[in-house]
Amino acid sequence: MDQSIGRGWWFVLLATLVACQSESGPHESVGVVSQAVTQALELRVALPPGAVSSEVAIAANGALALGDRVQVLTKTGGFAVVSNMGLTSTNLGTDTQLGSTWSRPSVVARERAHVFGFLKTSGTVQPQNNVIVDGLRQEQVAITPIETRRTVTFDSNNSGPVSLEPDLTRTLAPGRYSDATLKSRSQLFLSTGTYYFDSLSTEPTSKVWLNKAQGPIYIYVKSSFSVKGELKENGGRIANVLFGYFGTSVANVETPFLGTLVAPNAKIYLATVGGEGHRGAFFGKDVDVQAETKVTHFPFGITLTKRWAVADSASQPITQAAVRSDGSVLAVTDHRAYSINGSGVRSELFADANATRLFLNPAGNAFGVYDASDVRLFNASGAPIRTFPRVPFGYAKFVPGSTTVFWPDLQQGLEAARVTNARFVAASGSSTAFTATGLQVSRVTAQNLVYSDATSLRRASLAGVESFRFNGAVSSFEASSDASRIIVQLPGNRSVRHVSGSSVLPVVNVDGPIWELAMAADGNRSAALTEHTAYVFSNGALLASTPLPFAFVSSAAISSRGELLCGGKSADSTASVLVFDDGGQLLAQVVTTPDEQAHRPGVIPAPDGNSFLVRERSGLSLYDIERGL
């Protein structure tokens with residue numbers, strides 16, 4: 001995936017010639033040294049104030065015209081957002097149907113046009129008969145677009161034209177080419193990566209096959225754009241293709257479109273098409289959607305950008321980390337605790353070479369320290385909270401979001417220690433316990449303890465009141481933040497089942513031994529990962545099974561948005577993190593340092609789902625998820 005370009009939203013693109021002059025004279029050259037001429041094309045991004053970019057289906061920056069009976073839909077069947085941040089005109093045809101609409105120009109709404117949401121304009125609304133606006137209708141509203149900028153660079157050195165005569169087929173690697181021309185019945189196969197063309201023209205009955213299985217496709221076109229042949233899905237997330245067109249002549253689309261088309265210097269012309277209509281998103285200087293046309297919004301994927309990286313210090317790897325609600329991070333090694341601010345500046349909170357191990361609260365508001373005789377608790381600023389005598393052979397976990405600690409009381413036997421009780425100790429020193437004989441695996445939430453013994457899985461309150469029991473052995477499990485939903489790995493490690501409330505859902509078999517389980521905080525999404533496949537579940541029902549390009553899976557987590565983050569390594573120990581959408585389709589991939597440690601790269605999502613931490617070989621990194629283009 002190209003991480004340096006394509007991160008913006010919808011664009012105004014201005015071409016600027018950057019550098020390179022050639023000298024000539026009356027002498028004869030005996031040797032030639034060539035240098036590529038580059039052309040930097042600026043992406044200037046404009047959005048309505050407060051708008052969420054990934055929700056905009058059609059956006060103009062001049063004139064917007066939706067023909068009669070045009071529908072602008074979301075992929076789930078609702079009505080999608082439309083905007084015009086230009087100053088020319090906005091025209092909604094007879095019987096048009098669309099979602100919330102922003103328009104700096106006045107809006108002409110023809111008979112029976114229906115806005116399923118609000119309508120805001122800096123001008124006036126000029127409605128004909130029976131126009132409906134479901135939400136708030138506001139006129140003379142000051143609308144100031146928000147702008148950002150990006151740059152795409154074209155190199156003059158290229159691999160030549162892509163010219164397919166009738167009935168020819170070609171598979172094209174990502175790279176820089178001159179003109180691309182597809183004639184009747186020809187076929188072009190494209191895959192994940194970035195393509196640069198001087199022009200793009202496809203004739204009717206030609207086909208462009210789009211394989212996004214390993215991430216999105218970026219296609220940048222300089223001077224002319226005409227698509228009359230078919231665009232065909234060929235793997236990966238639907239319509240996860242960005243077409244960035246830099247020319248000023250009309251971007252002509254006369255076929256059902258797949259992808260996001262950005263043409264800020266030109267008009268986008270969407271012809272009337274049948275079937276599923278145009279699928280993707282459209283951002284142009286002008287946008288003209290012809291009558292009887294359906295546009296279904298499929299937003300472009302995401303881009304991952306490393307915001308900061310903090311190296312391990314004193315040969316001590318970071319063992320745990322948590323993103324706090326303010327975006328800062330609490331991290332610990334075996335002997336140190338750090339606070340890391342939003343810019344990646346690290347401050348040491350605690351250091352003790354005699355400490356055995358440090359552990360932290362998953363909410364990032366406290367950490368604990370084991371030494372030979374005690375367990376010491378500290379708040380997120382490093383101030384001491386309390387010291388407890390260490391339980392022999394035991395371990396401690398924080399109750400999420402609090403300074404209360406859970407630990408199992410152990411009784412040492414002839415061969416191994418055996419758990420007798422589950423104990424909870426508050427910062428005040430007060431202690432409660434209940435019988436949890438034989439506890440093997442446990443997950444503590446703010447209100448419940450979920451634990452397994454040799455023959456059952458149980459859910460109990462922190463006071464020991466049992467609310468659920470599943471009679472049967474389990475190997476491992478993960479629980480939602482309120483413990484109402486649980487994904488269970490069954491003995492044999494090749495099948496899972498879900499608990500929802502007090503109901504146990506049917507067994508789902510997988511294709512090999514399970515390496516990782518993950519559960520979203522709200523319990524709506526869960527996943528089981530084998531060596532080769534990620535199985536994604538929605539409310540306990542299998543939603544998708546997605547191939548994994550790994551030889552070894554190291555970690556998995558599900559964000560608050562339902563996206564699956566998965567760390568793993570290839571056979572040569574090259575490490576990477578994959579991000580899948582809530583339907584199990586690949587959104588993005590980031591490659592990290594080669595690593596042979598079993599639990600790296602480790603993934604930890606931020607509470608808002610817009611960033612995540614990666615525990616890498618050399619330290620800790622935070623990646624921002626930029627949504628949209």
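As the structure is a prediction and not an experimental result, all values here were calculated from the model. (Residues numbered from 1 in each chain as written. Predicted model: local features only at pLDDT ≥ 70, side-chain atom pairs only at ≥ 80, totals over all residues. Heavy atoms only, no water.)

Quick question: what am I supposed to make of the sheet that holds strand S34 (residues 357-360) here?
Working definition: the strands of a sheet are paired by backbone hydrogen bonds and lie parallel or antiparallel to each other. Strand order in the open sheet formed by four strands is S34-S35-S36-S37, with antiparallel pairing between adjacent strands. The open sheet is flanked by S34 and strand S37 (384-389), the only strands paired with a single partner. Sheet twist, expressed as the mean angle between neighbouring strand axes with direction ignored, is 20 degrees. Where strand S35 (residues 366-370) and strand S36 (residues 374-379) come together, five bridges link them in antiparallel fashion. Within the sheet, the bridge partner assigned to Ala366 lies in S36 and is Asn379. (Pairing = 2+ DSSP bridges. Helix = DSSP H or I, 4+ residues; strand = E, 2+ residues; numbered from the N terminus. Axes fitted to C-alpha atoms, helices over the stretch in contact; angles between N-to-C directions.)

Quick question: what am I supposed to make of the environment of Ser538 here?
Note that Ser538 resides in strand S53 (residues 533-538). Taking C-alpha positions, Ser538 is 24 Å from Gln447, a pair spaced 91 residues apart along the chain. Apart from the residues lying within four places of it in its own chain, the contact partners of Ser538 are Asn524, Arg525 and Leu543. Polar contacts involving the side chain of Ser538 include one to the side chain of Arg525, which spans 2.9 Å. (Contact = heavy atoms within 4.5 Å. Polar contact = N/O pair within 3.5 Å; in protein donor to acceptor, adjacent residues only side chain to side chain.)

Even after reading the chapter, I still don't get the packing of aromatic side chains, so can you show me in this structure?
What characterises a pair of aromatic rings is the spacing of the ring centres plus the angle enclosed by the ring planes. If you walk through the whole model with that rule in mind, you get 25 aromatic pairs. Taking 5.7 Å as the distance between ring centres and 5 degrees as the angle between the ring planes, the aromatic pair formed by Phe189 and Trp209 counts as stacked. Taken together, the positions of Phe189 in strand S19 (residues 187-191) and Trp209 in strand S21 (residues 207-212) put the pair 20 residues apart, joining distant regions of the chain. A residue is classified by how much of its surface remains accessible, and Phe189, at 25% relative accessible area, is partly exposed. Measuring from centroid to centroid gives 4.6 Å for Trp515 and Phe552, while their planes differ by 90 degrees, and the two rings are edge-to-face. Highlighted residues: Trp515 in strand S51 (residues 514-519) and Phe552 in strand S55 (residues 552-558), separated in sequence by 37 residues. Exposure remark for Trp515: the relative accessible area of 32% places this residue in the partly exposed category. We note Lys120 situated over the ring of Phe118; from NZ or CZ to the ring centre the distance is 4.6 Å. (Phe/Tyr/Trp six-rings, centres within 6.5 Å; stacked < 30°, edge-to-face > 60°. Buried < 20%, exposed > 50% of the residue type's maximum accessible area, 1.4 Å probe, protein only. Lys NZ or Arg CZ within 6 Å of the ring centre and 35° of its normal.)

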